[in-house]
Amino acid sequence: MRIIISLLALTALLSFTATAQDVSSYKVLETVDHNTSYFTQGLEVSEGLMFESAGQYGKSRIRKYRPSGDKTLLEEPIDEEYFAEGLTLFGDELFLLTWQKETAFVFDADNLKIKRELSYSGEGWGLTSSTTQLIMSDGSDTIYFRNPDSFQIEREIQVRSGPHSVRRLNELEFAEGYLWANIWHSPVIVKINPSTGNVTNYYDFSELVRKHSTGQDEKVLNGIAYDAEKKAYWVTGKLWPKRYLVEFE
Ligand SMILES: [Ca+2]
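Calculation rules
Residues numbered from 1 in each chain as written. Predicted model: local features only at pLDDT ≥ 70, side-chain atom pairs only at ≥ 80, totals over all residues. Heavy atoms only, no water. Donors = N, O, S within 2.8 Å, 3.2 Å for Na, K, Ca; no water. Helix = DSSP H or I, 4+ residues; strand = E, 2+ residues; numbered from the N terminus. Buried < 20%, exposed > 50% of the residue type's maximum accessible area, 1.4 Å probe, protein only. 1 Å grid on protein atoms, 1.4 Å probe; cavity = no way out; pocket = protein on both sides within 12 Å on 5 of 7 lines; lining within 4 Å. Points joined across faces, edges and corners; volume = space filled by probe spheres on them. Nonpolar A, V, L, I, M, F, W, Y, C, P; charged D, E, K, R; others polar.

Draft legend 1. Layout of the coordination of the calcium ion. Around the calcium ion, the protein contributes the donor atoms Leu43 (O), Glu171 (OE), Glu171 (OE), Leu172 (O), Glu173 (OE) and Ile224 (O), at 2.4 to 2.8 Å from the metal centre. Within one chain, the residues serving as donors to the calcium ion are arranged as L-x127-E-L-E-x50-I. Linking Glu173 in strand E17 (residues 169-175) with Ile224 in strand E21 (residues 221-227), this pair joins segments that are 51 residues apart in sequence. Each of the two residues, Glu173 as well as Ile224, counts as buried.

Structure (structure tokens):
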């Protein structure tokens, strides 16, 4: 039954012919509370601090807290004309995308105050970073690698599963040499080779999605953050009451 559900989820959402062996397994190691008013867009952990952005007009904000719980240490609202999207830490600065205003904000990660603004073309969805670049999605199958100083695009990849495009790429995480991505309105997390754009693994979170998304279409799985201390990944969803520490196979 579980395999049937997984196959349905994958074929329906990724529009390709999946086989049972395409679905990799994972293990939930820890469960902690998550603020149910947070329409989670970006999620990241660094040196014992978790950073999160929440979307929606008039409710967009960023905060930081400890990964072990949900007590907010510091929070900063975003101007109500912006719908906050992906968030990532680069050096001692946080970069935040906005959905349709072609504006990114750069914050001091210590006090969460805006230092400067950047502009780009098109929509902003997910954002993560390597040691040298910012890595961005825009809801299509394209991933953009940007220079953190100029914000200019240095490289692009198209994400593919075999011959098929994988679209609606949303929240991102670059960790352990791979790019991990939520797919908007999908219970699936994909693991992507950042050089080729090829999807190497799929992880089906239908079980958690069924538990948390009932009755509200936008309460989707979103948010991936690699916790280097625990060598595992935190995952959650928009307005979800829980955040999960997961070990991917
Ligand atoms: Ca992330």
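Structure shown, so let's carry the discussion forward.
Draft legend 2. Spotlight on the layout of surface pockets. Its boundaries defined by the atoms lining it, the largest pocket holds a volume of some 510 Å³. Forming the boundary of the largest pocket are 24 residues, of which Glu44, Val45, Ser46, Glu47 and Leu89 lie nearest the centre. Counting residues per element, the ones that place at least two in the lining of the largest pocket are strand E3 (40-46), strand E4 (49-54), strand E7 (84-90), strand E11 (127-129), E17 and E21. Residue composition of the lining of the largest pocket, grouped by class: 10 nonpolar, seven polar and seven charged. Space inside the second largest pocket adds up to approximately 150 Å³. Contributing to the lining of the second largest pocket are Phe39, Gln41, Phe83, Glu85, Trp99, Trp125, Asn170, Trp184, Glu218 and Lys238. The class makeup of the residues in the lining of the second largest pocket is five nonpolar, two polar and three charged.

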